[in-house]
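# Inside the fold
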Amino acid sequence: MRHRHRRGHGSSQGRSMEDEQRLEEYLETLWYLQEEGRQELSHIKDAVGEAEASHLLLALMENRWVRVDGDRFCFEPEGAQKASQIVRRHRLAERLLHDVLDMGPDQVEEDACRFEHILSADATESICTFLGHPQTCPHGRPIPPGPCCQRFVKEVTPLVRPLADLNPGQQGTITFITPKFRSRLHQLSSLGVIPGTSVRLRQRHPTFVIQVGESTIAMDADLARNIFVRSQG
Amino acid sequence: MDHSILGEQGSMKKLLLVGNPNVGKSVLFSSLTGRYVTVSNYPGTTVEVSRGNARLLGRLWQVIDTPGVNNLLPHSEDERVTRDLLMEEGGHKVIQVADAKNLRRALLITLELAEMGLNQILVLNMEDEARDLGIQIDVHKLSEVLGIPVVTTVATRKKGLDRVIQSLEKMRVGSCTTSFAPEIEQAVADLEPLLPEAPISRRSLALMLLCGDETLSAWLNARVTERDVARIEQICRALQTKYEEPVAYVVNRQRLLKADQIVDQVMRKGIQEFPRRFQRIGDFSMHPIWGLPILLTVLFLIYLVVGRFGAGFLVDLIENEFFGQVLVPWTQKAAQLIPIAFLRDLLVGQYGLVTMALTYALAIVLPIVGTFFFAFGVLEDSGYMPRLAVLVNKAFKLVGLSGKAVLPLLLGLGCDTMATLTARILDTKRERILVTLLLALGVPCSAQLGVILGMLGGLSMGAVLIWAGVVMATMLLVGFLAARVLPGEEGAFVLEIPPMRVPQLRNVLVKTTARVEWYLKEAVPLFILATLILFILDRIGVLETLQSTFQPLVSSWLGLPQRTTEAFLIGFLRRDYGAAGLYSLSRQGELDPIQVLVSLVTITLFVPCVANLMMIFKERGWRTAVSIVLVVFPVAFGVGGLLNHVLRWTGWTP
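If you're wondering where the values come from, they're calculated on a predicted model, not measured in any experiment. (Residues numbered from 1 in each chain as written. Chains lettered and ligands numbered in written order. Predicted model: local features only at pLDDT ≥ 70, side-chain atom pairs only at ≥ 80, totals over all residues. Heavy atoms only, no water.)

### What to know about the overall build of chain A
We apply this condition: Only DSSP runs of H or I reaching four residues or more are called helices, and only runs of E reaching two or more are called strands; each is numbered from the N terminus. Any two residues whose heavy atoms approach within 4.5 Å at even a single point are treated as in contact. Note on areas: Shrake-Rupley with a 1.4 Å probe; residue coverage comes only from the protein chains shown.
The number of helices and strands found in chain A is 9 helices and 8 strands. Partitioning the intrachain contacts of chain A with sequence separation of at least 6 by distance along the chain shows that 64% fall at a separation of at least 24. Of the roughly 11,500 Å² that chain A leaves accessible, carbon and sulfur atoms contribute 49%.

### Structural notes on the side chain of aspartate 128 of chain B
All names here are of chain B. The following threshold applies: Whenever a nitrogen or oxygen atom comes within 3.5 Å of another N or O atom, the pair is scored as a polar contact, on the condition that within protein one atom can donate a hydrogen and the other can accept it, and that pairs from neighbouring residues in sequence are kept only if both atoms are in side chains.
Relative to the elements of secondary structure, aspartate 128 occurs in helix α5 (residues 127–132). Looking at aspartate 128, its side chain comes within polar contact range of the side chain of arginine 157, at 3.0 Å. Other than its neighbours up to four places away in sequence, aspartate 128 contacts Val154 and Arg157.

### What to know about the interface of chain A and chain B
The criterion, for reference: Here the buried area means the combined drop in accessible surface, using a 1.4 Å probe, for two parts upon being joined, counting both sides. Any Lys or Arg side-chain nitrogen located within 4 Å of an Asp or Glu carboxyl oxygen qualifies as a salt bridge. Polar here means any residue other than Ala, Val, Leu, Ile, Met, Phe, Trp, Tyr, Cys and Pro, which are nonpolar, and Asp, Glu, Lys and Arg, which are charged; Gly is therefore polar. Paired strands, as defined in this entry, are two strands with at least two bridges between them according to DSSP.
Between chain A and chain B, the residue contacts involve 32 residues of the former and 39 residues of the latter. Of the roughly 3,300 Å² buried where chain A meets chain B, counting both sides, 53% is carbon and sulfur surface. Linking chain A with chain B are 2 salt bridges. With its nearest N and O atoms 2.2 Å apart, the salt bridge here joins aspartate 283 of chain B to arginine 202 of chain A. Per element, the largest residue contribution to the side of chain A that touches chain B is 9 residues, and it comes from helix α8 (residues 182–190) of chain A. By residue class, the composition of the side of chain A that touches chain B is 15 nonpolar, 12 polar and 5 charged. Of the pairings in the sheet, the one linking strand β7 (residues 215–219) of chain A to strand β11 (residues 494–497) of chain B comprises 4 bridges and is antiparallel in character. Looking at the pairing, isoleucine 217 of chain A lines up with glutamate 496 of chain B of β11 of chain B.

### Thoughts on helix α8 (residues 182–191) of chain B
Residue and element names in this part refer to chain B. Counted only if it meets this: Think of it in three bands: with a 1.4 Å probe and only protein chains considered, a residue is buried below 20% of the maximum accessible area for its type, exposed above 50%, and partly exposed in between. This arc describes the spread of directions from the helix axis toward the C-beta atoms.
Regarding α8, the residues found buried are Ile184, Ala187, Val188 and Leu191. The buried residues of α8 occupy an angular sector of 105° when the element is viewed end-on, so they sit on one face. Against α9 (202–210), α11 (226–241) and α12 (247–266) lie the buried residues of α8.

### Here we look at the pattern of salt bridges
In total, this model carries 27 salt bridges over all chains according to the counting rule given. Ionic pairing is found between aspartate 19 of chain A and arginine 22 of chain A, a salt bridge with its closest N-O pair at 3.3 Å. Here aspartate 19 of chain A pairs with arginine 22 of chain A, and both are found in helix α1 (residues 17–35), just 3 residues apart, close to one helical turn. A residue is classified by how much of its surface remains accessible, and aspartate 19 of chain A, at 29% relative accessible area, is partly exposed. Salt bridges sharing partners connect three or more residues here, namely Arg80, Arg83, Asp84 and Asp213 of chain B.

### Some remarks on the packing of aromatic side chains
Definition in use: Two rings from Phe, Tyr or Trp (for Trp, the six-membered ring) form a pair when their centres sit within 6.5 Å of each other. Planes less than 30 degrees apart are called stacked, planes more than 60 degrees apart edge-to-face, and all others tilted. Lysine NZ or arginine CZ positioned within 6 Å of the ring centre and within 35 degrees of the ring normal marks a charge as sitting over the ring.
Per the counting criterion, the structure on display carries 13 aromatic pairs over all chains. Between phenylalanine 176 of chain A and phenylalanine 228 of chain A the ring centres are 4.6 Å apart and the planes differ by 10°, which places this aromatic pair in the stacked class. Taken as a pair, phenylalanine 176 of chain A in strand β4 (residues 171–177) and phenylalanine 228 of chain A in strand β8 (residues 227–231) lie far apart in primary sequence, 52 residues in all. Owing to a relative accessible area of 10%, phenylalanine 228 of chain A belongs among the buried residues under this scheme. By the ring-pair criterion, three or more aromatic residues cluster together here, those being Phe568, Phe606, Phe633 and Phe637 of chain B. One cation-aromatic arrangement involves arginine 59 of chain B over tryptophan 61 of chain B; the distance from NZ or CZ to the ring centre is 5.3 Å.

### Here we look at the pairing of strand β4 (residues 59–65) of chain B
Residues and elements named next belong to chain B. β4 sits mainly inside the fold: 5 of its 7 residues count as buried. In this structure, strand β1 (residues 13–19) lies alongside β4, joined through 5 bridges in parallel fashion. From the neighbouring strand, lysine 14 faces β4, where its bridge partner is glutamine 62. Two strands pair when backbone bridges link them, and strand β3 (residues 48–56) and β4 are joined in this way by 7 bridges, in the antiparallel orientation. Considered in β4, the bridge of serine 50 is made with aspartate 65. A loop of 2 residues connects β3 with β4, the two strands running antiparallel in sequence, and leucine 57 in this loop sits at a positive phi of about 50°.

### Thoughts on the nonpolar core
All names here are of chain B. In plain terms, the rule: Residues belong to a common nonpolar core when they are buried Ala, Val, Leu, Ile, Met, Phe, Trp, Tyr or Cys residues joined through side-chain atoms within 4.5 Å.
Of all hydrophobic cores here, the largest spans 105 residues; its most connected members are Leu388, Leu401, Val435, Leu456, Trp467 and Leu600. The leading source of residues in this core is helix α16 (residues 353–382), at 14 residues. Beyond its immediate chain neighbours, meaning those up to four positions away, leucine 388 contacts Leu295, Val406 and Leu410.

### Section: the packing of α8 of chain B against α11 of chain B
All names here are of chain B. Condition: Helix axes use the C-alpha atoms of the stretch in contact, all axes being lines fitted to C-alpha atoms, and the angles between their N-to-C directions lie in the range 0 to 180 degrees. Throughout, the term roughly parallel applies to angles under 35 degrees, roughly antiparallel to angles over 145, roughly perpendicular to angles from 65 to 115, and oblique to all others.
Here α8 crosses α11 at 180°, and the two axes come no closer than 10 Å. The angle between the axes of α8 and α11 places the two elements in the roughly antiparallel class. Counting all contacts with α8, which are made through Glu183, Ile184, Ala187, Asp190 and Leu191, the residues of α11 involved are Ile232, Ile235, Cys236 and Leu239. By residue class, the composition of the contact of α8 with α11 is 7 nonpolar, no polar and 2 charged.

### A word on unusual backbone geometry
Residues apart from glycine generally show negative phi values, whereas peptide bonds are mostly found in trans. Residues and elements named next belong to chain A. A cis amide bond links histidine 205 to the next residue, proline 206, at an omega of -5°. Note on placement: proline 206 falls in the loop between β5 (198–203) and β6 (208–212). In this structure, arginine 64 takes a positive phi of about 55° despite not being glycine. Position of arginine 64 relative to the elements: it lies in the loop between α3 (50–62) and β1 (66–69).

### What to know about empty space enclosed by the protein
Residue and element names in this part refer to chain B. Cut-off, in case you're wondering: Lining residues are those with an atom within 4 Å of a point, where the points come from a 1 Å grid over the protein atoms alone and group into cavities, where a 1.4 Å probe fits but cannot get out, or pockets, open sets with protein on both sides within 12 Å along at least five of seven lines. Grid points are joined across faces, edges and corners, and a volume is the space filled by probe spheres set on the points.
Counted by the stated rule, this structure contains 4 cavities of 30 Å³ or more. The volume enclosed by the largest cavity comes to roughly 60 Å³. As for the largest cavity, its lining consists of Leu72, Leu73, Glu112, Glu115, Met116, Ser204, Leu207, Met208 and Arg255. Going through the elements one at a time, α4 (103–116) and α9 are the ones with two or more residues in the lining of the largest cavity. Of the residues in the lining of the largest cavity, the class split is 5 nonpolar, 1 polar and 3 charged.

### Some points on the sheet that holds strand β3 (residues 160–162) of chain A
The strand order across the open sheet formed by 7 strands is β3(A)-β8(A)-β4(A)-β5(A)-β6(A)-β7(A)-β11(B), and the pairing between neighbours is antiparallel. Sheet topology places β3 of chain A together with β11 of chain B at the edges, where each strand pairs with a single neighbour. Averaged over all pairs of adjacent strands, the angle between their axes in this sheet comes to 40°, without regard to strand direction.

### Some details on the packing of α1 of chain A against helix α2 (residues 41–48) of chain A
Residues and elements named next belong to chain A. Heads up, the rule is: What makes a crossing left-handed is the near helix being turned counterclockwise from the far one by less than a right angle; a clockwise turn instead makes it right-handed.
At their nearest, the axes of α1 and α2 sit 11 Å apart, and the two run at 120° to each other. If you check the angle between α1 and α2, you find them oblique. As α1 packs across α2, the resulting crossing turns out to be right-handed. Facing α1, whose interface residues are Thr29, Leu30 and Leu33, α2 presents His43, Ile44, Ala47 and Val48.

This is the structure:
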């Protein structure tokens, strides 16, 4: 990804990039703790160590993102909003790397940590839409919904999903084919199966059979899971 | 063979029919050419190419029906043969046949032909079906855009044939080509000066090379210096690093986008759904539930044609009536005139060329294989076989194969040797080895199957079921284990399913004749060779020595009489002959029911015949051939012995 992000908008207040990234990491840490129901202050110490814990709390409280109630921490509305967006970017990035680029869960984690800081709001929305507004990350934790997901609630099915998830008789337009089966790409394209092509699923068992124009093509389930379509109902 | 044609008729212009599979090339070919058509395998392949002569517009043409292709960037052996035919020599002309219903995919090829710089016309066939579907194509506009004559036909009704012939005069090189992304165009420009003169354009050659077409390397190495080959490879590699996806895919996509643009300009599609009769049958034959009864019906019909008519009626007629009553007695009489006993035995003795080699080749195997080829041709032409592959795909996964493997395995019931050759249609080397192994291990050829079923039928239904069960279980187990041992990934399979059609009798007959010819040319010499070897082994006493060497294994482990060793030995020379040897033993009352069952299971699993082994050796290399023998031999005797002891222990009588 050679995505260059323009920084400087929002309430950076002259903070350096490292500072901002550190704050984002802090918010993310607290979001995870909150998700696990571990909101006592002692849990912060367990998570990041004693010295770092006070740093973290002070910095976040200074920005009025987090407050302390007795021995527990709470997100302020702005902080909660910010934290959920960071986690959302992180987990969407994981989904993208995992589903589309076919990376293992371990690699996914590391790269997603970098993505979460650089994705713009627009890019995040596009990725979310592209992936069909997924609900969870590859590790099964919830992805906080964004504005695009709220709009999407009105529609019933995700926009983009594997061909293998269609029901027999349903149609879709291919959006992309993962390069997992590199050796098959040539053959598929010779048969006219490329992104932009409209396909109809004819049967799922015992083997997937699709209809592309006047061509009928049988393929393994494995391959059908790696062809993504935008469904047309 | 090609050269001899060139030598005799060098001045004859060649007319190549090129197009996607199942667009009606063969039908158009039949209408254009006369009665005398030759079907031969393209040298070194299993791909069949038909040739015939035609007098069109007052001159004689050689018309060549090329194998169906989806792309002239070869991916399959069929595509490679067609591409090679196009490259063979300059000056020939191309009739591209297209399914009017599937213009987009045809245009992919049209664009490639234009790029190659070949003179062509485009024939939009099945124009009636397209019209029924509400597809309207502006032929004049299409002709304008492509810069070549475009005509519509309904080949099955010979409609539009005159238009095809008339337009031969106006053949041209297509003017519509694809421009690719700047990186690709740059690489093409870099490659062109390095490439040799060829009957097709340098641009098309450059694109093939950039797309990683390895089939060209031999051709290239023969014409370009080593230094240039290295530079060409370097340019190709450099381009690939710029793309995440294979360059071939990128190029195909850009071509298809161009095709889509053309389609948008010339085609209008209504939204009529047109129910096609045979499509329903086709859909049922792939259905997880209905597919099974259809499969059983098909198998039963094959059994009727091959088992009853071929192996029963025809073999009886030829072997008993002709060979038994006429040919053999006559030769024996004639042989009496030969004063040397040795020569007499060589001709009509126990292992004689007439009594054994010819009787087997022509009287027993030919009718069975011939009817099998016919049934197989009908299946091929109907479009059922790919549907069968869809049906069995999941079950085949268990043994590391894709559904496509059902085709060579089925063909193995005709002749394992030929089936081993057709394992080439499989995508991965791993699958080809697995299929070769399973063919060698457990698939009995038609002749052997006939003898086996004849023997078991005399026992009981239970015996047939035990035999089939044990053989299939062994194949499954060995396949399952081999799939885990063999390296390489499982190929995810992609298979185009052609429309279901009523088979064209002429098509089937032409193909059957060509294959029977092939059988006579390839197999009969091997029969004669095998018989000679047996004759010599018998003469010098080796046959007897071998029998006593293997005696312990045969008598104590398998529990069989000593004379069965002979059957196993000749079973190696000819699988079916081994079974026939057992047959005669059991008829003489030398085998009890358990012995019959054990010996038949053993000989079914036993090593393939010499011809098959030679084919394995040729196709898969000696390492694989030796490994297969090393697996098959112990498995055959292991399973046979085990069955013997289990049956004796349980006291079950078949």
